[in-house]
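In case you want the letters, here they are:
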Amino acid sequence: MSAILPFASTEARTNYLNVDYGWKSWLFTTDHKRIALLYLFSITAFFFVGGAFAVGMRLNLLTPEGLFSHDTYNKLFTMHGIIMVFFFLVPSIPATLGNFLVPLMIGARDLAFPRINLLSWYIYIAGGIIALTAIVRGGVDTGWTFYAPFSATYSNTHVILAALGIFVGGFSSILTGLNFIVTIHKMRAPGMTWGRLPLFIWGHYATSLIQVLGTPVIAITMVLLLLERVLHAGLFDPSVGGDPVLFQHLFWFYSHPAVYIMILPGMAVISELVTCFSRKAIFGYNFVAISSIAIAVLGFLVWGHHLFVAGQSMYASMAFSFLSFLVAVPSAIKVFNWTATMYKGSVSFETPMLYAFGFIGLFTIGGLTGLFLATMAIDVHVTDTYFVIAHFHYVMVGGMVMAYLGGIHFWFPKITGRMYPEGWAKFAALVVFAGFNLTFFPQFILGYQGMPRRYAHYPPEFQVLNVMSTAGASILAIGYLIPMIYLTWAWRKGPVAPQNPWNAKGLEWEQAPSPPPKYNFEHPPVVTEPAYNYSGEEQEVKSGG
Amino acid sequence: MNHPVVSVKVYAAVFAALLALTITTVAVSKLELGEFNFIAAMTIAVIKGTLVVMFFMDVRRATSMTKLFVGAGLFWLAILLVFLLSDYLSRGWRPALHWL
Amino acid sequence: MADSETIVAPHPRELQHHFDDSAQQLESSTLGMWVFLVTEVMFFGGMFGGYTVYRDLYPAAFASTSHFMNVTIGAINTGVLICSSFTMVLAVRSAQLGQKKAIIAFLVLTLLLGCVFLTLKGVEYHEKWVEHHIPGPGFQYADARYAHQAQILFFLYFAMTGMHAIHMIVGVGLLTVLIVMAGRNRFSGAWYTPVEMIGLYWHFVDIIWIFLFPLLYLIGHTQ
C-alpha cells in the first residue's frame, strides 16, 4: 500500500540536505545521499567537458577540408572519448542514482562502507584532475583506445598523464562496485529477499560484479603502458619483438565489459520507469533479473570482437563472434519484457516514461547494429567507420544517457523534495530525441558508405550527411542544456513535492520522505510484499479494502 | 566467524607442508623433465596455494558465499588466460585447416 | 539478520551506526575484503597473461634469461614468506584468544619477515642493476640473439615482482598500524576484525609469490 502524504512542507522537516550546513559537512560527509550529489555535480561537469570536445569535432566535420589540423582533431576525439567513457559513462548512474537509491531501495541506513564511498569520490576527482591536466597541457592524440605501439612509443602527447588519470579513476569504480556488492548481500531489510529486490538493485549488482572483475585489468594495462612509455622496453613494440595485439587483448578485456557497466544501470532505471508508468508489475521479473547477471557474465567472453581485423586468429574470432551473438539474447529478453509489461498496462506519458520509450527504441537499434558488427564478414567492411560510431552512440547516448535523464527526472522529487516543470521537461525530451537521431542516424549511412572514423578531413561526397549530423548535434546540445536550466531552477523554486508523486511502489517511495532524513527511514522497514505489487493495490481498491 | 579456535598443531602442520613442498619444487626443477617441469611446478604451486587458502585464510570453514567469491575470482582469471591464449595458440592452425 | 524491532542495547564501541549488529558488520567486512582480493587476482592476472603470451612466443629467449634468475634468493624468500604467513595466522589466533602480548609478538615477527623479504628483493634487484638487466636505456644483454626479447621478459619480471613488492610494502605499513592498535589494547576476543582482514591480505600476497616463484625462477632452466 503506498503512503502518499499530503503536500508536506519540507522546509519544516529535517532531511539529509538541511541537517548540516557548511562545506565541511559536504566534503567530509559519509551520507550516501550527499556523496551521490557530490558525484552528480562532478559527473555533470565532466559531461560538459566531453561535450565541448564533441562540439569541436562536429564543427570540424562541417566541411571536407575541416577547421583543425589532423593533430588537433586527433586530440579532440581522444579527449572526447576518454572523458566521456571513463569520467562520465562508467560512473554516471551507479555513482549518482545508485549511491542515492541502493540503500533506500533495500531498506538500509547507508551503504556497507560509507567512508570508502566518500574515498571513492575523492579518487574519482583525483583521476579526473589528472586527466584534465593532460588536456590542459596539450592533450592526447592516441584515441581513447590507446593502441600500441603509437601510444607506447611514437605519440608525442601526454599519454602518461592520461593513462595515470584512468588508472586512478578506475579505483573509484572498483570501490563503488565493492560497496554495492557487500551492501546488497548483507544489508537488506527484514523480508527483502533476493526475489523481492527492485530490478534496479539486480542491475546494479550485476554492474558491480563487472566493475570488480574487469576494472583491475585496465588498471594493470595502464600501468604497463605507463612503464613502457618511460622505459621503452618493447613490450608492445613490434620492431623489437613486442606484440601490439597483446595490448589490445588486455585493453578490451576490460573495455568491452565496461560497456555493460555503462548500460546495465540504464536498463535498471528503465525497468523501474516502465513498471511505474504502466501501473503494472514487471513482466517476467525472474527473466529480467537473471538477464542482468547473464549480461555481466557473457560480457566478459566477447572482447575479441574488437580484434577481428587486428590479426587475431580466425578460430578465436569465430568463437568471439558466436559469443557476441549470445550476449545479445539477454538484452533482447529485457526489451521484450519491458514491452510485455506495457501491454494491457495503464500507460501514461510523463517525462521519465518518454525517456524510457526513447531508450527502448534507440537501444534496440543500437543493439541490433551490434549484431551486424559481431558478424565477421560485415565487420571487415564497416570496422573503423562511422557505422561503429553510430552503433555505440545509439546504445550509449540514445540508450544510457536517456535512461540517466529519465532516472534523474523520476527521482528528482525524492532527491530534492521538489517537482520539475513537466511542460519544459517533456519539450526537452522531445528535443533530445530529435537531435539525437538527426546526429547519429546519418552516421550509419556514412559508415556503410565507407567514411572512416577518426579522420579530420573527408571526401566531398560525405558532406551532406556530415552537415545533417552537425545540425543534429546542435539540437541535441540545446536538448541537454534545457534540463540543466530548469532542474537547477526547480531545485530552489519548484513546487514542493509529496512523498510519492508518482504513486510508485518501492521502499524509497513508500517509506522514505522526500527528501529522506539522514538515516533514510523514520522506522526501519519490514518488507512483506513482492516488488512492483501494483495489482495487489488494485485488488484492495476493488474489494473496498 | 564464531568458529572454535584452530589449534597451533594444525597451523604448524600446514606450515611444515608448505616448506616441504617448496623444497620439493626447487629439487624437481633441477631435473630434466621437459614439459613435465612446468606441470610439476604448477601442480605444487596449486597445492601450496590451496593449503594457504583453506587453512590460513580459513576458507575451509567459511560460508558458501565466501567460497563462491573465491571460486569466481579463480574462474575469471581462467577466462582471461584461456581466451587470451586461445588466440595465440590457434594462429598456427590456418594452414592445416585450409580446406574449410 | 537483526530484528529491527528490538530495542538497541548499548552497543560496542566498534559497531558503526549503519549496521544492525556486530555480526552483520563482521560479515560485511569479510565479504568486502574477499571482493577486494578478487580484484587483486584480476590485477595480477593481466601480468600473468602477458608473461604466458611471451613465454609461448619466445621459448628460447625465455630459457636464456632464466639462467639469470637467482634461484637461491628466490627460494629463501619463498621460505621467508611462508614463515610470515605462519606467524600471521598465529597473530590472528592470538587475537581470537585475546592474548595481547602474543598478538604483538607475532605481528612484529610477521613484519620483520616481510622486511627480510624486501631486503633480499633489494639485493636481487641490485644484482640485476649491476648486470645491466634493468629495462630502459641502460639495458644490455650478452646474447645478442635474444637482446630485444630478453628486455621484454625482464620488463615483465620487474613488473610482476615489483608490483608484488609494492603490495608487500603496503602490507608492512598495515602491520605497523595493527601493532600500534594492539599496543593500545584495541583488540579482544570480541573484536579483532582488522587483524583478521589484514591477515587475509597478507596471505593473498603470499599466494601471489607462491605462483611467481616457480613461473619466474624455476621453469625454463632445463629447456
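Caption draft 1: Structural context of the packing of aromatic side chains. Residue and element names in this part refer to chain A. Tallied over the entire structure, the rule returns 65 aromatic pairs over all chains. Ring geometry for F87 and Y124: centres 6.1 Å apart, planes at 50°, overall tilted. Of this pair, F87 sits in helix α3 (residues 70-89) while Y124 sits in helix α5 (residues 114-136), and the two are 37 residues apart along the sequence. Pairing F412 with W491 gives two aromatic rings, centres 6.4 Å apart and planes at 90°, and the pair type is edge-to-face.

Caption draft 2: Examining the interface of chain B and chain A more closely. At the junction of the two partners, chain B supplies 16 residues and chain A supplies 21 residues. Of the roughly 1700 Å² buried between chain B and chain A, counting both surfaces, carbon and sulfur atoms make up 76%. Contact with chain A buries area across many residues of chain B, yet B:W76, B:L80 and B:F83 alone supply 34% of it, more than any other trio. For the pair chain B and chain A, the interface holds zero salt bridges. Viewed at the interface, chain A and chain B are joined by six residue pairs in polar contact (both at pLDDT 80 or more). Looking at the side of chain B that touches chain A residue by residue, the classes come out as eleven nonpolar, two polar and three charged.

Caption draft 3: Expanded view of the nonpolar core. Ranked by internal contacts, the top residues of the largest apolar core, which has 298 residues, are A:F146, A:F200, A:W411 and B:M57. Among the elements that make up this core, the one with the highest residue count is helix α9 (residues 244-277) of chain A (22 residues). Mapping this core onto the domain boundaries places at least three of its residues in each of domain 1 (1-61) and domain 2 (63-100) of chain B. Beyond its immediate sequence surroundings of up to four residues, B:M57 is in contact with B:V52, C:W34, C:L37, C:L200, C:H203, C:F204 and C:I207.

Caption draft 4: View of the pattern of salt bridges. Scanning the entire structure with this criterion turns up ten salt bridges over all chains. For the salt bridge of B:R91 with B:D87, the shortest nitrogen-to-oxygen distance reads 2.8 Å. By relative accessible area, B:D87 is classed as buried at 0%. One continuous salt-bridge network, built from bridges that share partners, spans A:K505, A:E510 and A:E529.

Caption draft 5: View of helix α4 (residues 92-106) of chain A. Residues and elements named next belong to chain A. Its 15 residues place the ends of α4 21 Å apart at the C-alpha level, agreeing with the 21 Å of an ideal helix rising 1.5 Å per residue. Maximal helix bending in α4 amounts to about 55°, located at G98. Taking burial as the measure, the 15 residues of α4 include 15 buried ones, the bulk of the element. Positive phi shows up at G107, right after α4, with a value of about 85°.

Caption draft 6: Broad picture of unusual backbone geometry. Residue and element names in this part refer to chain A. Omega for the peptide link from A148 to P149 comes to 0°, which places this bond in the cis form. Of note in this structure, R279 is not a glycine but carries a positive phi near 50°. Position of R279 relative to the elements: it lies in the loop between α9 and α10 (285-298). Residue class for R279 comes out partly exposed when judged on its relative accessible area of 22%. Residue N503 is not a glycine yet carries a positive backbone phi of 60°. Exposure remark for N503: the relative accessible area of 25% places this residue in the partly exposed category.

Caption draft 7: Molecular detail of the interface of chain B and chain C. Across the boundary between the two partners, chain B contributes 45 residues, which contact 47 residues of chain C. Between chain B and chain C, roughly 3800 Å² of surface is buried when both sides are summed, and carbon and sulfur atoms account for 82% of that area. At the boundary of chain B with chain C, the tally comes to zero salt bridges. Our enumeration of links across chain B and chain C arrives at one residue pair in polar contact (both at pLDDT 80 or more).

Caption draft 8: Representation of the packing of helix α2 (residues 32-60) of chain A against α3(A) in the model. Residue and element names in this part refer to chain A. Orientation of α2 relative to α3, taken along the N-to-C sense of each, is 155°, at an axis distance of 9 Å. By the criterion of interaxial angle, the relationship of α2 to α3 is roughly antiparallel. For the pair α2 and α3, the crossing hand works out as left-handed. For the pair α2 and α3, the contacting residues are I43, F46, F47, V49, G50, G51, F53, A54, G56, M57 and N60 in the first and Y73, L76, F77, M79, H80, I83, M84, F87 and F88 in the second.

Caption draft 9: Expanded view of helix α14 (residues 386-416) of chain A. Residue and element names in this part refer to chain A. F410 marks where α14 bends most, by close to 45°; the proline P413 follows one to four residues later. For α14, a buried count of 30 out of 31 residues is recorded, marking the element as mostly surrounded by other parts of the structure. Where α14 terminates, the next one or two residues include G417, which has phi positive at roughly 80°.

Caption draft 10: Representation of a nonpolar patch on the surface within the structure. Residue and element names in this part refer to chain A. A cluster of nonpolar side chains, F48, L481, M484 and I485, forms an exposed patch at the surface whose accessible area comes to about 360 Å². Secondary-structure assignment places I485 in helix α16 (residues 463-493). Residue class for I485 comes out exposed when judged on its relative accessible area of 60%.

Caption draft 11: Structural view of the environment of C:L112. All names here are of chain C. Looking at the secondary structure, you find L112 in helix α4 (residues 100-130). Of the residues examined, L112 reaches a relative accessible area of 47% and is grouped as partly exposed. Sequence separation between L112 and I73 is 39 residues; the distance between their C-alpha atoms is 17 Å.

Parameters and conventions
- Residues numbered from 1 in each chain as written.
- Chains lettered and ligands numbered in written order.
- Predicted model: local features only at pLDDT ≥ 70, side-chain atom pairs only at ≥ 80, totals over all residues.
- Heavy atoms only, no water.
- Phe/Tyr/Trp six-rings, centres within 6.5 Å; stacked < 30°, edge-to-face > 60°.
- Helix = DSSP H or I, 4+ residues; strand = E, 2+ residues; numbered from the N terminus.
- Contact = heavy atoms within 4.5 Å.
- Buried area = accessible area lost by both parts, 1.4 Å probe.
- Salt bridge = Lys/Arg side-chain N within 4 Å of Asp/Glu carboxyl O.
- Polar contact = N/O pair within 3.5 Å; in protein donor to acceptor, adjacent residues only side chain to side chain.
- Nonpolar A, V, L, I, M, F, W, Y, C, P; charged D, E, K, R; others polar.
- Core = buried A, V, L, I, M, F, W, Y, C linked by side-chain atoms within 4.5 Å.
- Buried < 20%, exposed > 50% of the residue type's maximum accessible area, 1.4 Å probe, protein only.
- Domains from an automatic or database assignment.
- Expected span 1.5 Å × (residues − 1).
- Bend = angle between axes of the 7 residues up to and from the residue.
- Axes fitted to C-alpha atoms, helices over the stretch in contact; angles between N-to-C directions.
- Parallel < 35°, antiparallel > 145°, perpendicular 65-115°, else oblique.
- Left-handed = near helix turned anticlockwise from the far one by under 90°.
- Patch = residues over 30% accessible without salt bridge, like charges linked within 9 Å, V, L, I, M, F, W, Y side chains within 5 Å.
- Areas by Shrake-Rupley, 256 points an atom, 1.4 Å probe, with all protein chains shown as cover.

So, to be careful, I would describe these as geometric facts and stop short of saying anything about function.
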